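# Results of the structural survey
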Amino acid sequence: MKITVVGTGYVGLVSGACLADVGNDVLCLDVDPAKIRILEDGGIPIHEPGLLEIVRRNVDAGRLFFTTDAEYAARHGTVQFIAVGTPPDEDGSADLKYVLAAARNIGKHMDDYRVVVNKSTVPVGTGDRVREAIVAELAAREAGFPFSVVSNPEFLKEGAAVDDFMRPDRIIVGAGDERAIDLMRELYGPFQRNREKMLVMDVRSAELTKYAANAMLATRISFMNELANLAETLGADIELVRQGIGSDPRIGWHFLYAGCGYGGSCFPKDVKALINTGNERGHDLLILNAVEAANEAQKLRLVDKVVARFGEDLSGRHFGLWGLAFKPNTDDMRDAPSRIIVAELLRRGATVVAYDPVAMDEARRIFGDEPRLAYAERPMEVLEGADALIIVTEWKEFRSPDFIRIKQMLRHAVVFDGRNMYEPSVMARVGLEYYGIGRR
Ligand SMILES: NC(=O)c1ccc[n+]([C@@H]2O[C@H](COP(=O)([O-])OP(=O)(O)OC[C@H]3O[C@@H](n4cnc5c(N)ncnc54)[C@H](O)[C@@H]3O)[C@@H](O)[C@H]2O)c1
Ligand SMILES: O=c1ccn([C@@H]2O[C@H](COP(=O)(O)OP(=O)(O)O[C@H]3O[C@H](CO)[C@@H](O)[C@H](O)[C@H]3O)[C@@H](O)[C@H]2O)c(=O)[nH]1
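Residues numbered from 1 in each chain as written. Chains lettered and ligands numbered in written order. Predicted model: local features only at pLDDT ≥ 70, side-chain atom pairs only at ≥ 80, totals over all residues. Heavy atoms only, no water.

## What to know about the overall build of the chain
Tallying secondary structure elements over the chain gives 17 helices and 14 strands in all. Considered along the principal axes of its C-alpha atoms, the chain spans approximately 75 × 45 × 45 Å. Within the span of the chain, comprising 440 residues, buried residues form 55% of the whole. Expressed as a percentage of contacts within the chain between residues at least 6 apart in sequence, the contacts between residues at least 24 apart total 73%. (Helix = DSSP H or I, 4+ residues; strand = E, 2+ residues; numbered from the N terminus. Buried < 20%, exposed > 50% of the residue type's maximum accessible area, 1.4 Å probe, protein only. Contact = heavy atoms within 4.5 Å.)

So, in structure tokens, the structure goes:
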């Protein structure tokens, strides 16, 4: 099938590459010429495990192409995926300017039937706005090509994106006409060989399903973070509580890890956008407001512990920090808790040296030439002369460090662990003063 994917970010590039990998003829469009240049030179503009190999394989096989030419893109695919960003506007609502620009472009240049599939996370009602944008463009050039608008939200997780796309739990398709539904069935056939995974519904329900999923997962995390904070005051251990409740199949194991708050390009923005949708309809979403407020406070929880240990004024203090990305296996730092934590440590006068396996270039871009923030080539280097170690992202390479060396290198043998990577009893045995989240 001929497919165009508009936007070559995490979602667009993964979708395009995986769709090419099952034999489709895929053209990826981006407005950012720098990204297209990297792709044409055989690289990828993001860090995502397994993606480079798939991109290269399919470019070599002649099934995957890249362009900045919007007209060529609109004429290529019968299916036109929109996978552009929907960043938060000032009031928290999703900014649709990129989605609508993509839709207008399709309307301006399409020369045959098109299925316009919205993969970006968009507020309920966006399908109608996409339709109106295309109708207006077709009318302006007095063209009458038929088209369908489909909502097909994406559920992939960064760091596991290829696997999530290749083996999805479910494929949500919001559509109103049989022609589009048939095409979507054909397109997603290769990804549901073992069992039927496609759930067909109306466009609005599909759009809301995406927000509902992220809001539910964010709620679980904030709930556990709140309980973790309570556990600390009660002398209970949140890790044991997690195991105790996760074993109930009605609750399940996923997304129950307490920590220094959720980040990334989705949960924070999507929770805010859903709250905003509620406000627009006169529904104050009480639970989600609390989820959001709890998360904002949680991002400062580690600094609160640092302050409790070293005092309000941190000038003259120096901290080593492990992990800048919002989670492991990505270089993404959008809404990462590390941004808040580092900024607050610096604001209080401390200096910081940080290490992350892949996100340090991104951190340099974000923090600029901040003189009190330095970067280390290796994890152990951050410990030199540091008062304490602060762990923000649970990269695999931090799982089993040489604790004795950590103790010897740190000035105060204190570890603040925002991801509960270690057993408090082990830390006590090696003589490290250990502060987790909700641990005894
Ligand atoms: N990142 C994730 O894990 C994830 C998962 C599921 C859903 N989503 C949703 O998918 C959407 C895309 O997210 P992302 O993380 O891939 O974004 P991203 O910022 O990584 O990529 C978006 C790309 O779209 C390009 N673009 C913008 N306007 C364009 C236009 N008119 N024509 C062509 N290209 C254009 C940008 O240059 C950019 O490269 C968002 O709505 C997001 O909420 C993201
Ligand atoms: O038990 C947990 C699980 C996650 N997190 C944090 O939650 C954030 C988000 O993690 P994750 O969901 O793994 O990453 P994303 O790539 O942002 O993926 C989410 O957002 C995407 C964009 O909408 C969706 O497609 C995915 O289904 C959804 O999981 C990260 O900061 C994690 O550290 C926790 O604190 N505790």
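Having seen the model, we can carry on.
## With respect to the layout of surface pockets
Approximately 370 Å³ is the volume attributed to the second largest pocket. What lines the second largest pocket is a set of 19 residues, among which Pro123, Val124, Thr277, Glu280 and Arg281 lie closest to the centre. Residues that form the lining of the second largest pocket fall into these classes: eight nonpolar, seven polar and four charged. When residues of the lining of the second largest pocket are assigned to domains, at least three fall in each of domain 1 (2–201) and domain 2 (218–435). (1 Å grid on protein atoms, 1.4 Å probe; cavity = no way out; pocket = protein on both sides within 12 Å on 5 of 7 lines; lining within 4 Å. Points joined across faces, edges and corners; volume = space filled by probe spheres on them. Nonpolar A, V, L, I, M, F, W, Y, C, P; charged D, E, K, R; others polar. Domains from an automatic or database assignment.)

## Thoughts on the pairing of strand 4 (residues 79–82)
The alternating pattern of strand 4 places Val79 and Phe81 on one face and Gln80 and Ile82 on the opposite face, and all of these are buried. When strand 1 (residues 2–6) meets strand 4, the two strands line up parallel, connected through four bridges. Pairing of threonine 4 across the sheet is with glutamine 80, part of strand 4. As defined by bridge partners, strand 4 adjoins strand 5 (residues 114–118) across four bridges and the pair is classed as parallel. When the bridges of strand 5 are listed, isoleucine 82 appears paired with asparagine 118. Where the polypeptide runs from strand 4 across helix 5 (residues 97–109) and back to strand 5, its parallel neighbour, the crossover connection is right-handed. (Pairing = 2+ DSSP bridges. Right-handed = clockwise from strand over helix to strand, strands pointing away.)

## Things to note about the UniProt feature "domain: UDP-glucose/GDP-mannose dehydrogenase C-terminal" (unreviewed entry) in the chain
Mapped onto the present numbering, the UniProt feature "domain: UDP-glucose/GDP-mannose dehydrogenase C-terminal" (unreviewed entry) falls on residues 320–424. Helix makes up 26% of residues 320–424 and strand makes up 18%, while its end C-alpha atoms are separated by 20 Å. (UniProt positions renumbered as here; feature names shortened; annotations may be inferred.)

## Considerations on the sheet that holds strand 13 (residues 414–417)
Strand order in this open sheet of six strands is 11-10-9-12-13-14, and the pairing throughout is parallel. Of all the strands in the sheet, just strand 11 (373–375) and strand 14 (433–435) have a single pairing partner and so form its edges. Each strand of the sheet is rotated relative to its neighbour by a mean of 20°, with strand direction disregarded. As judged from the five bridges shared by strand 9 (residues 318–322) and strand 10 (residues 351–355), these two strands associate in the parallel manner. (Axes fitted to C-alpha atoms, helices over the stretch in contact; angles between N-to-C directions.)

## Focus: unusual backbone geometry
Glycine aside, a negative phi is what most residues show, and trans is what most peptide bonds show. Despite not being glycine, glutamate 142 shows a phi value in the positive range, around 50°. The topology assignment puts glutamate 142 in the loop between helix 6 (126–140) and strand 6 (147–151). On the basis of relative accessibility, which here comes to 75%, the residue glutamate 142 falls in the exposed class. Even without glycine at this site, phenylalanine 255 takes up a positive phi of about 55°. Mapping phenylalanine 255 onto the fold places it in the loop between helix 10 (238–246) and helix 11 (267–280).

## Focus on the site of ligand 1
The immediate surroundings of ligand 1 are formed by 25 residues, with Asp30, Lys35, Thr86, Glu158 and Lys269 found nearest. Contacts to ligand 1 include valine 31, whose backbone N or O atom sits 3.4 Å from a nitrogen atom. Burial of ligand 1 by the protein amounts to 89% of the accessible area it has alone, namely 840 Å². Per-class residue counts for the shell around ligand 1 are 10 nonpolar, seven polar and eight charged. The two domains that each donate at least three residues to the shell around ligand 1 are domain 1 (2–201) and domain 2 (218–435). (Near = heavy atom within 4 Å. Polar contact = N/O pair within 3.5 Å; in protein donor to acceptor, adjacent residues only side chain to side chain. Areas by Shrake-Rupley, 256 points an atom, 1.4 Å probe, with all protein chains shown as cover.)

## Focus on the nonpolar core
Grouped together as the largest cluster of nonpolar side chains are 60 residues, with contacts concentrated most on Trp322, Leu345 and Ile406. Sort the elements by how many residues they give to this core and helix 13 (residues 301–310) lands first, with five residues. In this structure, leucine 345 is in contact with Val303, Val306, Leu314, Phe319, Ala350, Val352 and Ile390, ignoring residues within four places of it in sequence. In terms of nonpolar packing, the next biggest core, distinct from the first, is built from 43 residues, Leu19, Ile44, Val55 and Val150 among them. (Core = buried A, V, L, I, M, F, W, Y, C linked by side-chain atoms within 4.5 Å.)

## Focus: helix 6
End to end, helix 6 covers 21 Å across 15 residues, agreeing with the expected 21 Å (1.5 Å per residue, within 8%). Buried within helix 6 we find Thr126, Gly127, Val130, Ala133, Ile134, Glu137 and Leu138. Projection of helix 6 onto a plane perpendicular to its axis shows the buried side chains occupying an angular sector of 130°, all on one side. For helix 6, exposure combined with an orientation more than 90 degrees from the buried face picks out Glu132, Ala139 and Ala140. Packing partners of the buried residues in helix 6 comprise helix 5, strand 5, strand 6 and helix 9 (203–234). Immediately beyond the C-terminal end of helix 6, within one or two residues, lies glutamate 142, with a positive phi of roughly 50°. (Expected span 1.5 Å × (residues − 1). Arc of directions from axis to C-beta.)

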